[in-house]
Amino acid sequence: AQKVTQAQTEISVVEKEDVTLDCVYETRDTTYYLFWYKQPPSGELVFLIRRNSFDEQNEISGRYSWNFQKSTSSFNFTITASQVVDSAVYFCALSGNQGAQKLVFGQGTRLTINP
Amino acid sequence: AAGVIQSPRHLIKEKRETATLKCYPIPRHDTVYWYQQGPGQDPQFLISFYEKMQSDKGSIPDRFSAQQFSDYHSELNMSSLELGDSALYFCASTLRTGNHEQYFGPGTRLTVT
């Protein structure tokens, strides 16, 4: 069975601080896909990144960066110089490579950036 | 670019009533997923369709049914609604042979009173 764990339920930081959201996953699939989604108060799910299991390169996109470590089954997300608009719930998710490839989500981390 | 369309965006029903949620996937996408997100919870997979056939089933109550039509749109039918069915229902679509990214619709917020 696949499982995603986001141990941090809530994080609160002051604007301009860096913040890292943790994500640990479990899967028996040799090929799988990891995702991060942002859910602002308006409720929609905003896609942030997809990472294939065979591509362990870290990625940076503006103030966002992702650290994928297969050895520790982790896919952490860092926001540099946080802004109030970053306040949202962030979900890490996992899908396999077989069958319907449904997404399994972590419990989410509620991030609050205070001015 | 066209996105996933869900209708209605908001729906208020009373207990024991029925509801039908509609999803229009991105053109040429062949797979549709339904997810349910209760208050303060993560989205939970309900059911998926590939080429109009059910491809996987999650924790979907027997009171719910779904189908995908010939034009690839999908409908989630919910009967004998309960207070606990109040949630945000997302539809997502993808191309099975594509990049494995699921494109989510804006969601339908169902409130059962």
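Everything numeric in this text was worked out from a predicted model, so none of it was measured.

(A) Here's a closer look at the overall build of chain B. Within chain B, the regular secondary structure consists of zero helices and eleven strands. The secondary structure elements of chain B, listed N-terminal to C-terminal, are β-β-β-β-β-β-β-β-β-β-β. Here the C-alpha radius of gyration of chain B, 13 Å, is about what a compact globule of 113 residues would show, namely 13 Å. Looking at the 113 residues of chain B, the share that counts as buried comes to 49%. Summarising the internal contacts of chain B: among those between residues at least 6 apart in sequence, 53% fall at separations of at least 24. In the structure as shown, chain B presents an accessible area of about 5500 Å², 48% of it carried by carbon and sulfur atoms. Charge separation in chain B, taken as the distance between the mean sites of 11 positive and 12 negative side-chain charges, equals 3 Å.

(B) Main features of the side chain of serine 53 of chain A. Along the chain, the position of serine 53 of chain A falls in the loop between strand S6 (46–52) and strand S7 (59–61). Excluding its chain neighbours within four sequence positions, the residues that come into contact with serine 53 of chain A are Thr30, Thr31, Tyr32, Phe68 and Lys70 of chain A.

(C) Layout of the interface of chain B and chain A. The interface of chain B with chain A comprises 19 residues on the first partner and 20 residues on the second. Remark: the boundary between chain B and chain A carries one salt bridge. Every element with two or more residues in the side of chain B that touches chain A is listed here: strand S4 (31–37), strand S5 (44–50), strand S6 (53–57) and strand S9 (87–94) of chain B. Here the element with the most residues in the side of chain B that touches chain A is S4 of chain B; it accounts for three residues. Here the side of chain B that touches chain A is built from residues that sort into eight nonpolar, seven polar and four charged.

(D) Focus on the state of the cysteines. Counted according to the given criterion, the structure contains two disulfides over all chains. Note that cysteine 23 of chain A is cross-linked by a disulfide to cysteine 92 of chain A, the S-S spacing being 2.0 Å. Around the S-S axis, the bridge from cysteine 23 of chain A to cysteine 92 of chain A shows a dihedral of about -65° and counts as left-handed. In this pair, cysteine 23 of chain A sits in the loop between strand S3 (19–21) and strand S4 (24–26) while cysteine 92 of chain A sits in strand S10 (residues 88–96), placing the two residues 69 residues apart along the sequence. In terms of burial, cysteine 23 of chain A and cysteine 92 of chain A fall into one category: buried. Across the disulfide, cysteine 23 of chain B is cross-linked to cysteine 91 of chain B (sulfur-sulfur distance 1.7 Å). Negative torsions about the S-S bond denote left-handed disulfides, and the value of about -50° found for cysteine 23 of chain B with cysteine 91 of chain B makes this one left-handed.

(E) Up close: the sheet that holds strand S3 (residues 19–24) of chain B. Residue and element names in this part refer to chain B. The strand order across the open sheet formed by four strands is S1-S3-S8-S7, and the pairing between neighbours is antiparallel. In this open sheet, the two strands that pair with only one neighbour each are strand S1 (5–7) and strand S7 (64–68). Each strand axis lies, on average, 15° off the axis of its neighbour in the sheet, ignoring direction. Of the strand pairs in this sheet, S7 and strand S8 (residues 74–78) are connected by five bridges, and their pairing is antiparallel. Looking at S8, one finds that serine 65 is bridged to asparagine 77.

(F) Main features of unusual backbone geometry. All names here are of chain B. Each neighbour pair has its own omega, and for serine 7 with proline 8 the value is -10°, a cis peptide bond. Along the chain, the position of proline 8 falls in the loop between S1 and strand S2 (10–13). A positive phi angle, near 80°, is found at arginine 28, a position not held by glycine. The backbone of tyrosine 72 sits at a positive phi, close to 75°, despite the residue not being glycine.

(G) Spotlight on the pattern of salt bridges. Residue and element names in this part refer to chain A. This structure, assessed with the given rule, holds seven salt bridges over all chains. Arginine 51 is the salt-bridge partner of glutamate 59, the closest N and O atoms lying 2.7 Å from each other. What makes glutamate 59 partly exposed here is its relative accessible area of 32%. Bridged by salt links that share partners, the residues Arg51, Asp55 and Glu59 form one connected network.

Rules used throughout
- Every residue gets a number counted from 1 within its own chain, in the order that chain's sequence is written.
- To label them, take the chains in the order written and letter them from A, then take the ligands in the order written and number them from 1.
- This being a predicted model, a pLDDT of at least 70 is required before a residue's local features are given, and a value of 80 or more before pairs of side-chain atoms are given or counted; all residues contribute to the totals for chains, interfaces and linings.
- The side-chain quantities take in all heavy atoms of the structure and omit both hydrogens and water.
- Counting from the N terminus, the helices are the DSSP runs of H or I reaching at least four residues and the strands are the DSSP runs of E reaching at least two.
- This radius of gyration counts C-alpha atoms alone. The globule rule is 2.2 Å times how many residues there are, raised to the power 0.38.
- Partly exposed describes any residue whose relative accessible area lies between the buried limit of under 20% and the exposed limit of over 50%, with all areas from a 1.4 Å probe on protein chains only and scaled to the type maximum.
- Here, two residues are considered to be in contact whenever any of their heavy atoms come within 4.5 Å of each other.
- Per-residue and other accessible areas follow the Shrake-Rupley method at a 1.4 Å probe size, with only the shown protein chains counted as cover for residues.
- Here Asp and Glu are counted as negative and Lys and Arg as positive; His is not counted, and neither are the chain ends.
- For charged residues, the charge sits on one atom: NZ in Lys, CZ in Arg, CG in Asp, CD in Glu.
- Salt bridges are defined by distance alone: a side-chain nitrogen of Lys or Arg within 4 Å of a carboxyl oxygen of Asp or Glu.
- Under the grouping applied here, Gly and all other residues not named as nonpolar or charged are polar, the nonpolar ones being Ala, Val, Leu, Ile, Met, Phe, Trp, Tyr, Cys and Pro and the charged ones Asp, Glu, Lys and Arg.
- Whenever a pair of cysteine sulfur atoms sits within 2.5 Å, that pair is classed as a disulfide.
- Two strands qualify as a pair provided DSSP detects at least 2 bridges between them.
- Each axis is a line fitted through C-alpha atoms, taken for helices only over the stretch in contact, and angles between the N-to-C directions span 0 to 180 degrees.

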